[in-house]
Amino acid sequence: MGGNLRSLRLPISTARMTLRIPEPSDAEAVYRALHDAKMGRFVRRPSPYRRLDADAFVRVTRRKMQKGEFLSLLGFERASSELRVAVGLHSIDWANRHAEIGYWVPRAHWGKGWATEAVTAVCQEAFRRLPIHRIEATVSSGNVASARVLAHVGFVKEGTRRESKLRGTSWCDSDLYGLLKREL
Ligand SMILES: CC(C)(COP(=O)(O)OP(=O)(O)OC[C@H]1O[C@@H](n2cnc3c(N)ncnc32)[C@H](O)[C@@H]1OP(=O)(O)O)[C@@H](O)C(=O)NCCC(=O)NCCS
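Summarised in this report is the structure supplied together with it. On a predicted model such as this, the values are computed, not experimentally measured, just so you know.

**Points about the site of the ligand**
Gly111, Gly113, Thr116, Asn143 and Arg148 are the nearest of the 20 residues found near the ligand. The backbone of glycine 111 places a nitrogen or oxygen atom 2.6 Å from an oxygen atom of the ligand. Taking arginine 148, its side chain carries an N or O atom lying 2.5 Å from an oxygen atom of the ligand. Listing elements by their share of the shell around the ligand, those giving two or more residues are strand S5 (98-104), helix H3 (114-129) and helix H4 (144-153). Considering each element in turn, the shell around the ligand owes the most residues, 6 residues, to H4. Broken down by class, the residue content of the shell around the ligand amounts to 11 nonpolar, 7 polar and 2 charged.

**Topic: the packing of H3 against H4**
In contact at an axis separation of 9 Å, H3 and H4 are set at 45 degrees when each is read in the N-to-C sense. For the element pair H3 / H4, the angle class is oblique. Crossing of H3 against H4: the hand is right-handed. On H4, the residues that touch Ala115, Thr116, Val119 and Thr120 of H3 are Val149, His152 and Val153. Among the residues making up the contact of H3 with H4, the classes are represented as 4 nonpolar, 3 polar and no charged.

**With respect to a positive patch on the surface**
Together, Arg59, Arg63, Lys64 and Lys67 line one region of the surface with positive charge. Its location among the elements puts lysine 64 in helix H2 (residues 51-66). By relative accessible area, which is 36% here, lysine 64 ends up partly exposed.

Rules and cut-offs
Residues numbered from 1 in each chain as written. Predicted model: local features only at pLDDT ≥ 70, side-chain atom pairs only at ≥ 80, totals over all residues. Heavy atoms only, no water. Near = heavy atom within 4 Å. Polar contact = N/O pair within 3.5 Å; in protein donor to acceptor, adjacent residues only side chain to side chain. Helix = DSSP H or I, 4+ residues; strand = E, 2+ residues; numbered from the N terminus. Nonpolar A, V, L, I, M, F, W, Y, C, P; charged D, E, K, R; others polar. Axes fitted to C-alpha atoms, helices over the stretch in contact; angles between N-to-C directions. Parallel < 35°, antiparallel > 145°, perpendicular 65-115°, else oblique. Left-handed = near helix turned anticlockwise from the far one by under 90°. Contact = heavy atoms within 4.5 Å. Patch = residues over 30% accessible without salt bridge, like charges linked within 9 Å, V, L, I, M, F, W, Y side chains within 5 Å. Areas by Shrake-Rupley, 256 points an atom, 1.4 Å probe, with all protein chains shown as cover. Salt bridge = Lys/Arg side-chain N within 4 Å of Asp/Glu carboxyl O. Lys, Arg positive; Asp, Glu negative; His and termini not counted. Charge placed at Lys NZ, Arg CZ, Asp CG, Glu CD. Buried < 20%, exposed > 50% of the residue type's maximum accessible area, 1.4 Å probe, protein only.

If you want it as structure tokens, here you go:
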């Protein structure tokens, strides 16, 4: 793993999960989660989602991590060894010491605190081990569950990016959230 990401202590253990770098053998679980059409509204990914896309997800994220451009982790419940969450830091700006966080949870497991647990752990680890001062998230304005996750972790809503997303032929607003190192 390149760049400053080498300082992270991986895997990360949380109360219920182990968060680790994706392996090629994880592609099947990623495919099962992301080919679900109802995941589509708020996750940016090819549609229809094919098994090949999941293989590419693992391959590309591993390569970007080697270059220190991107952190992508999958969280597996220790009790079942099953995939519960994907969480990553992207748009890492080492000069200004900030990064953007993204995450998804397979639909069958929504509402059980997996995203909150993973986002908290990744933010803590990033602030502890990396020269990161600020983590931000951009959330489509109708994505109530994602806004709840960020509120639980301590993110502050900083504003609305008006008509910043094009969904089909409609413009949608998105909200910008930020969390500073001293706030976690
Ligand atoms: C957003 C997402 C990651 C949340 O994952 P999760 O593991 O279900 O999240 P958590 O269980 O930690 O918290 C979800 C919170 O939202 C609430 N919630 C869920 N759906 C809701 C809805 N439709 N309306 C209001 N609140 C909702 C839950 O009750 C919970 O809040 P609470 O703990 O105060 O009760 C998941 O819904 C998902 O993968 N969505 C599709 C991808 C996505 O939107 N990613 C984020 C892009 S910014």
